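Chain by chain, the residues run as shown.
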Amino acid sequence: MKIYLISATHYHPDGRLVKSIQYWTSAITLPYLKALTPREHEVVFTDELMQDADLNSDADVIGITAMGPQIKRAYDLADLFRRRGKKVVMGGSWVSLNPDQALEHCDAVVIGEVETVWKDCLEDLAAGRNKVRYQADKWHSLVGLPQIDYMTLPLLRPDLWKKSAFYRQYFHWPVSASRGCPHPCEYCTVQTYYDRSFRSRPVEEVVEDFRRIKALGGKKVLILDDNPIGNVSYAKELFRALIPIKMAWASQCTINIARNADLLDLAARSGCRTLSIGLESVTQENLEEISKGFNKAPRFAEDLKAIRDKGIQVIALMMVGLDGDDTKSFDKTLQFLVDNKLSFLKLFTPCPYPGTKYYDDMDRAGRILTKDWNRYDYGSPLIQPTHMTPEEMMVGFNDVYKRFYSIPNIVRRMTPPPKGNYLESMFYMVANFKINRYMRKTPAAWGTIS
Ligand code: B12
Ligand code: SF4
């Protein structure tokens with residue numbers, strides 16, 4: 001059979017498709033699914049963010065994946081291909097948590113991990129059968145996962161890679177070391193999808209991926225796990241094994257890394273340059289309310305300093321508009337971010353992803369403002385806040401972003417730079433100025449970019 005895999009993009013508010021050719025990393029879903037597909041099938045794929053999907057594809061099966069707001073476009077694509085007589089299979093976290101919704105648009109849905117069910121699913125479709133819901137009965141061991149062809153990463157620009165030093169610094173090659181997260185944050189798709197489980201790949205297989213990327217000339221890796229320190233002894237073993245590889249890496253993890261001096265030291269020595277950390281709120285009451293009480297707001301300053309002292313840049317992930325917030329919270333949040341010299345900011349309005357506890361609670365309380373999935377982009381008013389209007393929340397949201405990336409605040413935050421890794425600091429300084437310019441040109445872009 002011929003299989004055509006698509007990662008959907010999402011829509012601009014005016015209905016155009018969002019397109020971007022310059023991305024700092026790439027998901028591995030499409031090349032990984034290709035590597036996993038039995039050799040008798042032919043597989044082609046498109047990440048619609050960068051390229052146009054072939055709507056006239058002659059494939060027998062269309063496989064579609066989507067992240068967050070991309071789901072609307074993914075369903076539109078599924079409807080279109082089915083009208084053209086194709087069999088459509090969908091997978092990924094959104095449809096796994098909402099299979100009935102997905103089955104209004106596709107023929108079969110893969111619920112959860114695909115490794116142990118993909119072969120059966122394809123055999124069924126080739127034979128004209130269909131179990132409709134394909135779900136593994138246990139988690140995969142993550143041992144011996146097939147290797148992807150890195151040069152086919154959908155969002156890699158091989159042309160720019162060769163000629164632009166900035167791009168070589170900017171592009172992070174994705175490597176997966178673990179899946180899942182043991183924490184209970186109730187808005188989080190990841191812990192819901194993985195049912196709070198946490199598994200890791202054998203250290204030597206992860207190290208092998210780093211080596212393969214280095215052999216291709218890659219300098220920077222994104223460990224695209226949600227919380228690679230979910231098992232501290234595994235993380236230490238991995239970081240120790242990465243020290244001799246001498247590559248730079250970035251990842252996201254919890255602030256807990258700052259409270260384990262050995263772990264933090266090993267991370268820094270193994271090449272960690274940037275961590276995206278879900279601080280979420282400077283108000284402890286908010287953190288408790290979303291079941292993220294392990295984040296201790298009163299300790300943030302001390303914890304962030306420990307990380308910076310190791311030469312690691314921190315990207316803050318913050319939510320505004322939680323129940324403990326009012327219109328005064330915006331200034332407090334901004335002040336905290338500037339005082340603590342955060343290198344970068346990704347701000348979110350609370351997003352109730354269907355399938356999560358947060359969605360169910362908000363839905364029961366009648367507080368969900370829209371179920372237009374196209375707006376589930378982290379920068380839209382989706383929840384009725386308790387101490388302000390949705391409009392006030394959006395004014396505050398835009399204002400924090402604007403002021404965080406203002407020239408005086410960039411200078412305040414970026415000087416003096418974290419100790420060591422000065423090239424990285426320079427890169428972040430340039431990236432901050434680029435964002436300042438981008439925001440002036442595209443003020444409504446926030447929330448739809450990553
Ligand atoms: C890398 C990544 C990115 C990258 C690259 C994006 C890209 N287009 O290439 C960046 C950082 C740019 C990014 C951006 C965004 N991302 Co993102 N991203 C991820 C991340 C960390 C890893 C994805 C990955 O490669 N996983 C590894 C692969 C192997 O696993 P997988 O995709 O889950 O697939 C497995 C199964 O689900 C299944 N499967 C998946 N799809 C399909 C399809 C078929 C047909 C089949 C058969 C099986 C199948 O098979 C795989 C193996 O078992 C995930 C978090 C996570 N842990 O998944 C978030 C995640 C997917 N992203 C998310 C979101 C929301 C976004 C944004 C929309 C955020 C935003 N700003 O609004 C943007 C979208 C930008 C865009 N237009 O592309 C959410 C999705 C939430 C949801 N409920 O849908 C996640 C889960 C993060 C989170 N913590 O909530 N992202
Ligand atoms: S720590 Fe991060 S990945 Fe883990 S459950 Fe909380 S939000 Fe999700």
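Every value quoted in this text rests on a predicted model; they were computed, and no experiment measured them. (Residues numbered from 1 in each chain as written. Chains lettered and ligands numbered in written order. Predicted model: local features only at pLDDT ≥ 70, side-chain atom pairs only at ≥ 80, totals over all residues.)

Whenever I open this one, unusual backbone geometry confuses me. Can you help?
Residue P416 follows T415 across a cis peptide bond; omega there is -15°. For V132, which is not glycine, the phi dihedral falls at a positive 70°. Relative to the helices and strands, V132 resides in the loop between α5 (118-126) and β6 (133-135). In this model, E280 sits at a positive phi of 70°, which is unusual for a non-glycine residue. The residue E280 is located in strand β12 (residues 272-280) in this model. (Helix = DSSP H or I, 4+ residues; strand = E, 2+ residues; numbered from the N terminus.)

Whenever I open this one, the site of ligand 1 confuses me. Can you help?
Of all residues adjacent to ligand 1, which total 43 residues, the nearest are A27, G63, T65, G68 and G91. Counting residues per element, the ones that place at least two in the shell around ligand 1 are α1 (29-36), β3 (61-65), β4 (87-91), α3 (93-97) and α8 (189-193). Of the residues belonging to the shell around ligand 1, the class tally is 22 nonpolar, 16 polar and 5 charged. Residue-level mapping places the shell around ligand 1 at the junction of two domains, with at least three residues from each of domain 1 (2-135) and domain 2 (157-448). (Near = placed C-beta within 6 Å. Nonpolar A, V, L, I, M, F, W, Y, C, P; charged D, E, K, R; others polar. Domains from an automatic or database assignment.)

Explanation requested: the sheet that holds strand β5 (residues 108-111) in the structure shown.
By definition, the strands of a sheet pair up through backbone hydrogen bonds, in either a parallel or an antiparallel sense. Here 6 strands make up an open sheet; going across it, the order is β2-β1-β3-β4-β5-β6 and the pairing parallel. The open sheet has two edge strands with one neighbour each: β2 (42-47) and β6. Direction aside, the axes of adjacent strands within the sheet are offset by 20° on average. Bridge count for strand β1 (residues 2-7) against β2 is 6 bridges, and the pairing is parallel. For L5, the partnering residue across the bridge sits in β2 and is F45. Against the sheet, α1 contacts β1, β2 and β3, and its axis sits at roughly 160° relative to β1. (Pairing = 2+ DSSP bridges. Axes fitted to C-alpha atoms, helices over the stretch in contact; angles between N-to-C directions. Contact = placed C-beta atoms within 7 Å.)

I'm lost on helix α16 (residues 390-404) in this one. Help?
Side chains of residues three or four places apart in an α-helix project in the same direction, reflecting 3.6 residues per turn. End to end, α16 covers 21 Å across 15 residues, agreeing with the expected 21 Å (1.5 Å per residue, within 8%). Of all the residues in α16, the buried ones are M393, G396, F397, V400, Y401 and F404. Projection of α16 onto a plane perpendicular to its axis shows the buried side chains occupying an angular sector of 130°, all on one side. For α16, the secondary structure elements touched by its buried residues are α14 (329-339), β14 (344-348), α17 (407-414) and α18 (422-441). (Expected span 1.5 Å × (residues − 1). Buried ≥ 20, exposed ≤ 12 C-beta atoms within 10 Å, placed from the backbone. Arc of directions from axis to C-beta.)

What is the right way to look at α18 in this model?
Compared with the 28 Å implied by 1.5 Å per residue over 20 residues, the 29 Å span of α18 between its first and last C-alpha is a close match. Burial in α18 covers these residues: E424, S425, Y428 and N432. The arc that holds the buried residues of α18, viewed along the axis, is 95°, so those residues lie on one side. Turned more than 90 degrees from where α18 packs its buried face, Y422, L423, R437, R440 and K441 sit exposed. Buried residues belonging to α18 abut β12, β13 (313-319), β14 and α17.

What's the story with the nonpolar core in this structure? I'm lost.
A general trend in soluble globular proteins is that nonpolar side chains are found buried together. If you look at the biggest cluster of nonpolar residues, it comprises 100 residues, and the most contacted ones within it are I6, I64, A74, A78 and M90. Tallying contributions element by element places helix α2 (residues 70-83) first for this core, with 6 residues. Looking at which domains feed residues into this core, each of domain 1 (2-135) and domain 2 (157-448) gives three or more. Contacts of M90, omitting those with residues within four sequence positions, involve I64, A74, A78, V95, A102, C106 and V109. (Core = buried A, V, L, I, M, F, W, Y, C linked by C-beta atoms within 7 Å.)

Limitation: the analysis is restricted to geometry and does not speak to function.
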